[in-house]
Amino acid sequence: MNDRYSSRTRLLQQSLDEHNISVAVIADPDSVSYFGGYWNYLGVEFGRPTLLVIPRDREPILLTPLMESEMCARMTWIGDIRPWSDGGDEWRLPLAELLAQWPSSSVGIETRTMPSLVAGYVKTLVQASDLVDIAPLISAQRMIKSSDEIEIMRQAGTVAVAMMEAARQTIAVGVPEFEVTLAAMAAGTRKAADYLREPDDRFISPIIQNIQILQSGTDTCMVHRRASTRRFERGDPVYLCFCGMVSFRGYKLGFDREFYVEEAQEHQIAVHQIAIAAQRAALAAIRPGMRCEEINAAAEAVYLDAGYSPGYRTGRSIGLSLLEAPEIKRGERMELRAGMTFAIDGGLTLPGQFGGRIGDSIVVTEDGFDYLTQYPAEIAILKST
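Residues numbered from 1 in each chain as written. Predicted model: local features only at pLDDT ≥ 70, side-chain atom pairs only at ≥ 80, totals over all residues. Heavy atoms only, no water.

Q: Can you lay out the sheet that holds strand β2 (residues 51-55) for me, pointing to particular residues and giving the numbers?
A: If you walk across this open sheet you meet the 6 strands as β4-β3-β2-β1-β5-β6, and the pairing is mixed. Strand pairing shows two members of the sheet lacking a second neighbour, β4 (80-84) and β6 (131-133), which therefore form its edges. In this sheet, adjacent strand axes meet at a mean angle of 25° when their direction is disregarded. Bridge count between strand β3 (residues 61-65) and β4: 5 bridges; the pairing is parallel. Paired with Leu 62 across the two strands is Ile 81, which belongs to β4. Packed onto the sheet, helix α1 (residues 2-18) meets β1 (23-26) and β2 and runs at close to 60° relative to β2. (Pairing = 2+ DSSP bridges. Helix = DSSP H or I, 4+ residues; strand = E, 2+ residues; numbered from the N terminus. Axes fitted to C-alpha atoms, helices over the stretch in contact; angles between N-to-C directions. Contact = heavy atoms within 4.5 Å.)

Q: An account of the UniProt feature "domain: Peptidase M24" (unreviewed entry) in the protein is requested, with residue identities and associated values reported.
A: Feature annotation in UniProt assigns "domain: Peptidase M24" (unreviewed entry) to the following positions: residues 151-366. Between the end C-alpha atoms of residues 151-366 there is a gap of 16 Å, over a span that is 34% helix and 22% strand. (UniProt positions renumbered as here; feature names shortened; annotations may be inferred.)

Q: Help me get a handle on the pattern of salt bridges, residues and values and all.
A: Applying the stated criterion to the full structure yields 25 salt bridges. Residue Asp 236 pairs with Arg 230 through a salt bridge whose shortest N-O separation is 2.7 Å. Through salt bridges with shared partners, a single ionic network connects Arg 291, Glu 293, Glu 294 and Arg 333. (Salt bridge = Lys/Arg side-chain N within 4 Å of Asp/Glu carboxyl O.)

Here it is in structure tokens:
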């Protein structure tokens, strides 16, 4: 396990050396986890950042809150852990002491994802001309998933499917939306727990949480409304999205389905079928060498042929972060490669009336793709038993 994280760090150090960057300061929790094999649950949002400092020619250093240092030492492969305490200079002094070892040298940061609390202080220590955005280097490294990562994401897919099935079985006339979310969370947690073993997985929680994206009735035109106390009525469409909710061993997926309570109207089925067809067109185009924008264009052609304008991108890369690079959208010319993982969506909204959507997570293979979320894609009208 530790070899996985140390080898990733060595690859980054090679990239730093190739680009003549002396040291990297990493504050994005997902990147800290990717290289350090360590994460905490109360981080910079509580004023307590964990910082990973990676010199190009020395061993990495972790700066973490004192209260987290024992757990950090158990989790990470990194030997040099420097705890800091609340009050006074906190993490600032040890960071300043470290960066002082590389005066007038290039310092790499992830410009977009470095928290402003940390970025503001780094800019007082390093001249603007010496700061280099290493997000592209890290993004390129994280873009192609290893076989171990893909296996974890396949397990995350089974967690997501368990959640969807439990949600589907809960939907009925008179049931409030939040009950569906509770059922999904419980099913996902139990499925995740099936994969975890003591004592190796002591620091991995199976608990599925976050507020689910769920809408019903005419609110399905509001793409990201959360589950409420609204009770389902006969004829309601019910849209379920687990993006941002499914997280297993830190890896996130995208997964959407829509169901109908007892019956569905013809125009709803027609719109929903267009969304499904758009996703199928995108999936059919996926293979190494295809540009992201070409995949997006395949989906958009379905909407346009049906007389509708596309509403949003067709997909996004997934992994430890909810949004990774590249995206399946207009203007993204990066070519697909085996090992990339995406959430691929189809969606069409009639403002104020209805929205039909579908979404799955996939991994690009040598000759196409495999599903990470294996679940029926047909329109389902749920009947009472």
